[in-house]
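What follows is the residue order along each chain.
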Amino acid sequence: MPDFIERRRLARILDRSADRLAEVQSPEKGWIATMRLALGMSAEQVAHRKGVSRNAVYQAERSEKEGAVSLKQMDQLAKAMGGRFVYAIVPDAPVEQLKYQQALGKARLLLREEPGFAEWSADERQDWVDDKAAQLLHDMPGHFWDEI
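In this report, we go over the structure that sits alongside the text. (Residues numbered from 1 in each chain as written. Predicted model: local features only at pLDDT ≥ 70, side-chain atom pairs only at ≥ 80, totals over all residues. Heavy atoms only, no water.)

Some remarks on unusual backbone geometry
- Unusually for a residue other than glycine, Met140 sits at a positive phi of about 45°.
- Of note, Met140 is situated in the segment after helix 7 (122-139). (Helix = DSSP H or I, 4+ residues; strand = E, 2+ residues; numbered from the N terminus.)

Written out as structure tokens, the structure is:
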């Protein structure tokens, strides 16, 4: 498990990538067909460049739309059309926000295990949750990402 500094560096990479890709939307026809059609290439021409049949190109286009195309296939087709395949997993929100939301959820769950918490005031409960969330974020225990 990376240390705090490494996790922070990785989080910055992901957050910057998410910002850069925020406006990117998959084209309706899929990336393979969109690139091929934008270039004015036939499936047969792409197939010849890739060393496969025309039907293999059409099948890859269908598979992409179904979410079943392989990364290797996407890479090879992109190269055959003079492009490059980019693959990424980016967070839906900044990494620190995702971690904080998880910490809050865990803290709220752990609050229920505290003896007498039902008699605490709303402010006392909120303070406990805030403190516990901060502790969880700092310690990042092994169970941190377990389901809430």
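Re the environment of Pro141
- Its place among the elements puts Pro141 in the segment after helix 7.
- Judged by relative accessible area, Pro141 falls into the partly exposed class, the value being 23%.
- Separated by 73 residues in the primary sequence, Pro141 and Ala68 have C-alpha atoms spaced 36 Å apart. (Buried < 20%, exposed > 50% of the residue type's maximum accessible area, 1.4 Å probe, protein only.)

Concerning the side chain of Lys99
- Relative to the helices and strands, Lys99 is located in helix 6 (residues 95-111).
- Of the polar contacts made by the side chain of Lys99, one reaches the side chain of Glu96; its length is 3.2 Å. (Polar contact = N/O pair within 3.5 Å; in protein donor to acceptor, adjacent residues only side chain to side chain.)

Focus: the nonpolar core
- Core analysis: the largest hydrophobic core is formed by twelve residues, namely Ile32, Met41, Ala43, Val46, Ala47, Val57, Ala60, Val69, Met74, Leu77, Ala80 and Met81.
- Looking at this core, the elements that each hand over two or more residues are helix 3 (43-50), helix 4 (54-66) and helix 5 (71-80).
- Apart from the residues lying within four places of it in its own chain, the contact partners of Met41 are Arg36, Val46, Arg49, Ala80 and Met81. (Core = buried A, V, L, I, M, F, W, Y, C linked by side-chain atoms within 4.5 Å. Contact = heavy atoms within 4.5 Å.)

Let's talk about the pattern of salt bridges
- All told, the structure shown has four salt bridges when counted by the stated rule.
- A salt bridge links Glu61 to Arg36; the shortest N-O distance between them is 2.7 Å. With Glu61 in helix 4 and Arg36 in helix 2 (residues 31-39), the pair connects residues that are 25 residues apart, well separated along the chain.
- Its relative accessible area of 9% is what places Glu61 among the buried residues.
- Among the residues examined, Arg36 registers a relative accessible area of 9% and is labelled buried. (Salt bridge = Lys/Arg side-chain N within 4 Å of Asp/Glu carboxyl O.)

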